[in-house]
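In case you want the letters, here they are:
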Amino acid sequence: DSVGMGLRVTLTRPAALNALNLSMVRTLYPVYQACEESDLVQCIVLRGEGHKAFCGGGDIKAIHESGKEGTSLCREFFREEYMLNHLIATMRTPHVAILDGITMGGGVGLSVHGPIRVGTERSVFAMPETAIGFFPDVGGTHFLSRLPDGLGMYFALTGARLKGHELKQFGIATHFVPSQRLEELEEQLLTLAGESLHDADIARRVIAD
């Protein structure tokens, strides 16, 4: 929904931990692309519905079924998901991801490449792909390799989890905000969009305050 010159985007599959599917990717990409091509949106806030998950990953069930049936869905999903990840990484519009709850796999791809990632006490991060014989995708080898002291290798190989303040401590989140203040934070960001919130540095200062 739009608030002034801000846009709040909500992932709405709470029963599936807001898992990302091809339909969601195809909805998000043109919206984000349109934001980049227009001056009408000065800030995007991405969040998950409910308190349990921001985004629990890609829709593994649909991908598995596509692989068994030999359909093109799995190839299309990964190609278009990675295009969305790249767009988030390169867009000029300030992008704020609210990592309230489970943030794994595809959910990490929707957030970690953007400039601002807000963790809460309910945040749970992991890249658990190796458990299903996959590699840490969605740019995982890029951002994990930049964590200090070889931690990225450890997270990639083990799927180990980070919780709460640990996300900010290890650089997955850029900020920590208690969950009870998220509604206030979102309203401030979206209300200020178009007035003074025209770059990521100003958005960071709003969150820090």
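Refer to the structure printed above.
Presented here is an overview of the structure given in this document. (Residues numbered from 1 in each chain as written. Predicted model: local features only at pLDDT ≥ 70, side-chain atom pairs only at ≥ 80, totals over all residues. Heavy atoms only, no water.)

## Section: the environment of F77
Right, on to step 1. Within the fold, F77 resides in helix 3 (residues 73-90).
Right, on to step 2. For F77, a relative accessible area of 2% gives the class buried.
Right, on to step 3. In this structure, the C-alpha to C-alpha distance between F77 and I63, residues 14 residues apart in sequence, is 8.0 Å.
Right, on to step 4. Among all residues touching F77, those that are not within four sequence positions of it are L20, N21, L22, V25, G58 and I63. (Helix = DSSP H or I, 4+ residues; strand = E, 2+ residues; numbered from the N terminus. Buried < 20%, exposed > 50% of the residue type's maximum accessible area, 1.4 Å probe, protein only. Contact = heavy atoms within 4.5 Å.)

## Regarding the pattern of salt bridges
Right, on to step 1. All told, the structure shown has 10 salt bridges when counted by the stated rule.
Right, on to step 2. Measuring nitrogen to oxygen at the nearest pair gives 3.3 Å for the salt bridge that ties D59 to R13. On the criterion of sequence distance, the pair formed by D59 in the loop between strand 4 (53-55) and helix 2 (60-69) and R13 in the loop between strand 2 (6-11) and helix 1 (22-36) is long-range, its members being 46 residues apart.
Right, on to step 3. By relative accessible area, which is 25% here, R13 ends up partly exposed.
Right, on to step 4. As a salt-bridge pair, R92 and E36 come within 4.0 Å of each other at their nearest N and O atoms. With a gap of 56 residues between them, R92 in the loop between helix 3 and strand 5 (95-99) and E36 in helix 1 connect regions that are remote in the sequence.
Right, on to step 5. Classification of R92 by relative accessible area gives exposed; the value is 62%.
Right, on to step 6. For E36, a relative accessible area of 15% gives the class buried. (Salt bridge = Lys/Arg side-chain N within 4 Å of Asp/Glu carboxyl O.)

## As for the packing of helix 2 against helix 3
Right, on to step 1. Contact pair helix 2 / helix 3: the axes reach a minimum separation of 8 Å and the direction vectors enclose 135°. On the basis of the axis angle, helix 2 is oblique to helix 3. On helix 3, the residues touching A62, I63, S66 and G67 of helix 2 are L73, C74, F77 and F78.
Right, on to step 2. In the contact of helix 2 with helix 3, the residues fall into six nonpolar, two polar and no charged. (Axes fitted to C-alpha atoms, helices over the stretch in contact; angles between N-to-C directions. Parallel < 35°, antiparallel > 145°, perpendicular 65-115°, else oblique. Nonpolar A, V, L, I, M, F, W, Y, C, P; charged D, E, K, R; others polar.)

## As for the packing of aromatic side chains
Right, on to step 1. Considering all chains together, one arrives at seven aromatic pairs under this definition.
Right, on to step 2. Taking the centre distance of 6.0 Å and the plane angle of 40° together, the rings of F78 and Y82 count as tilted. Of this pair, F78 and Y82 are both found in helix 3, four residues apart, which corresponds to roughly one turn of the helix.
Right, on to step 3. We classify F78 as partly exposed; its relative accessible area is 22%. (Phe/Tyr/Trp six-rings, centres within 6.5 Å; stacked < 30°, edge-to-face > 60°.)

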